[in-house]
Amino acid sequence: MESPTATTAPVLARKDLPPDRRDLYTRLDARHTAPLWEVLGKIIPPEPTPDIVPVLWHYDDVRPLLMEAGRLLTAREAERRVLILENPGLRGQSRVTQSLYAGLQLILPGEIAPAHRHAAAALRFIIEGTGAYTAVEGERTVMHPGDFILTPSWTYHDHGNPGEVPVIWLDGLDVPIVNLFDASFRESYPGDSQPHTVPDGDSHARYAANMLPVDWEPARLSSPIFNYPYPRSRETLDTLYRNDAIHPCHGVKMRFINPATGGATMPTIGAFMQLLPKGFQGTAYRATDSTVFAVVEGRGRTRIGDTTYDWSPRDIFVAPSWAWVAHEAAGEAVLFSFSDRPAQKALGLWREQTA
Ligand code: 1HN
């Protein structure tokens, strides 16, 4: 027999319902209606009550599994050879936070990940290896560790590794947001790789030199820059650190921007990079954007709620919405992070608080 909750309203599974209420709720259910007064506190909690939990993936634990997948199937077979970083609070849902997807992608020397496009927007944060490229709308960029790369919504993209070593990166996508709206589309490119029609470095020259072509009008909501190379980000953090621009919670923290607007690089996903000085003991901070952190350099630990997570380079960890977060760094450390902050800000929902 099917369980009653599979076919009837969850409220009817309650054992303590007075008979007259049960009777009404049964007839409400038959008319596809339900009593708000039974669920109001749950659907509108006084503050965020995330289903996701804090979690840390040690790179050394996950990398061998990804390499094993590399021996088991080709990138072409897999379409994308990725280990989903799945939040244990939302098992089976392919989500790292309530609103975002994350995964670790491997491309081996000689491999191609075929071209496609989808409504979901993606970012790549390069973790290991050099010599692979990603192509977006006819332009290629070679990936280096620490680079932050965009694949905006509905742009054709493919990856290839003509180099000598495996290349691994962190993917972040707004898949759960797109699916919340039931607005997902996807199509394959006719052929494995899109034609390489734009000279390398073209978008960097056009859009990333604090100038824009004089008559340029944006065609998309996302940044026209598609690779934010690590040396530039690192140098900025280093200069500001030496100039003493240190925030008690964040160290030196910068947000990646769309140079045409000063806003976030994509409408749904924001990205950040921060330097924690050697010996930094940050004070607690919380915000409504659950955040995925990737350790770029250094060792340290982060307290999230009541638990402390020790991290070293290439580890990845998640802080849920509205959980108190405090970072400490043993040596100088650099963290990359991403979240749905621009989406929340656009909707007037984003909040933050310091302890
Ligand atoms: C995707 O297109 C890529 O292009 C990676 O590398 C991960 C996860 C879900 C849906 C599409 C890629 C993805 C993805």
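A brief structural summary. This is a predicted model, so every value here is computed, not measured.

The residue arginine 124 is located in strand S5 (residues 122–128) in this model. Since its relative accessible area comes to 3%, arginine 124 is described here as buried. A polar contact of 2.5 Å, which involves the side chain of arginine 124, links it to the side chain of aspartate 171. Each residue touching arginine 124, except ones within four places of it in the same chain, is listed here: Gln105, Asp147, Phe148, Ile149, Thr151, His157, His159, Trp169, Leu170 and Asp171.

All residues adjacent to the ligand are Arg80, Tyr101, Gln105, His116, His118, Arg124, His157, His159, Asp171 and Leu173. Here arginine 124 contributes a side-chain N or O atom positioned 3.0 Å from an oxygen atom of the ligand. A distance of 2.8 Å separates an oxygen atom of the ligand from a polar side-chain atom of histidine 157. Expressed as a share of its isolated accessible area of 330 Å², the protein-covered part of the ligand is 83%. Looking at the shell around the ligand, the elements that each hand over two or more residues are strand S3 (101–107), strand S4 (112–118), strand S9 (157–160) and strand S10 (167–173). Considered class by class, the residues forming the shell around the ligand number 2 nonpolar, 5 polar and 3 charged.

Read across the open sheet, the 6 strands follow the order S1-S19-S16-S21-S14-S13; overall the sheet is antiparallel. Taken across any chain shown, the strands that pair with only one partner, and hence form the sheet edges, are strand S1 (55–57) and strand S13 (252–255). Across the sheet, the axes of successive neighbouring strands diverge by a mean angle of 20 degrees, strand direction being ignored. Inspection of the sheet shows strand S16 (residues 291–297) paired to strand S19 (residues 316–319) by 4 bridges, in the antiparallel sense. Residue pairing for S19: valine 292 is matched across the bridge by valine 318. Strands in contact with helix H8 (residues 230–242) are S13, strand S14 (270–276), S16 and strand S21 (333–339); relative to S14, the strand with the most contacts, it is inclined by about 50 degrees.

With that settled, the discussion passes to the side chain of arginine 95. Considering the arrangement of structural elements, one finds arginine 95 in the loop between strand S2 (82–84) and S3. For the buried arginine 95, no salt bridge is present, and the opposite-charge side chain at shortest range is aspartate 51, 7.7 Å distant. Sequence-distant contacts of arginine 95, that is, excluding residues within four places in its chain, are made with Leu85, Glu86, Asn87, Leu90, Leu100 and Pro176.

Our focus in this paragraph is the packing of aromatic side chains. As enumerated under the stated definition, the model contains 12 aromatic pairs in all. Measuring from centroid to centroid gives 6.1 Å for tyrosine 25 and tryptophan 37, while their planes differ by 55 degrees, and the two rings are tilted. With tyrosine 25 in helix H2 (residues 19–30) and tryptophan 37 in the loop between H2 and helix H3 (40–43), this pair connects stretches of sequence that are 12 residues apart. By relative accessible area, which is 2% here, tyrosine 25 ends up buried. Between phenylalanine 293 and phenylalanine 317, the aromatic rings sit 4.9 Å apart at their centres with planes inclined by 15 degrees, giving stacked as the arrangement.

With 13 residues, H8 extends 18 Å between its outermost C-alpha atoms, agreeing within 8% with the 18 Å of an ideal straight helix rising 1.5 Å per residue. Buried within H8 are the following residues: Tyr230, Ser233, Arg234 and Leu237. All buried residues of H8 fall inside an arc of 95 degrees around its axis, so they share one side. The outward face of H8, more than 90 degrees from its buried face, is lined by the exposed residues Pro231, Arg232, Glu235 and Arg242. Contact partners of the buried residues in H8: strand S12 (227–228), S13, S14, S16 and S21. Once H8 finishes, aspartate 244 follows within two positions and takes phi at roughly 75 degrees, a positive value.

Now for the pattern of salt bridges. Where charged atoms from two side chains of opposite charge come close, those side chains can pair. Evaluated as defined, the whole model comprises 16 salt bridges. A salt bridge links aspartate 202 to arginine 206, with the nearest nitrogen and oxygen atoms 2.6 Å apart. Here aspartate 202 and its partner arginine 206 are both found in helix H7 (residues 202–207), 4 residues apart, which amounts to about one turn of the helix.

The rules behind each value
Residues numbered from 1 in each chain as written. Predicted model: local features only at pLDDT ≥ 70, side-chain atom pairs only at ≥ 80, totals over all residues. Heavy atoms only, no water. Helix = DSSP H or I, 4+ residues; strand = E, 2+ residues; numbered from the N terminus. Buried < 20%, exposed > 50% of the residue type's maximum accessible area, 1.4 Å probe, protein only. Polar contact = N/O pair within 3.5 Å; in protein donor to acceptor, adjacent residues only side chain to side chain. Contact = heavy atoms within 4.5 Å. Near = heavy atom within 4 Å. Areas by Shrake-Rupley, 256 points an atom, 1.4 Å probe, with all protein chains shown as cover. Nonpolar A, V, L, I, M, F, W, Y, C, P; charged D, E, K, R; others polar. Pairing = 2+ DSSP bridges. Axes fitted to C-alpha atoms, helices over the stretch in contact; angles between N-to-C directions. Lys, Arg positive; Asp, Glu negative; His and termini not counted. Salt bridge = Lys/Arg side-chain N within 4 Å of Asp/Glu carboxyl O. Phe/Tyr/Trp six-rings, centres within 6.5 Å; stacked < 30°, edge-to-face > 60°. Expected span 1.5 Å × (residues − 1). Arc of directions from axis to C-beta.

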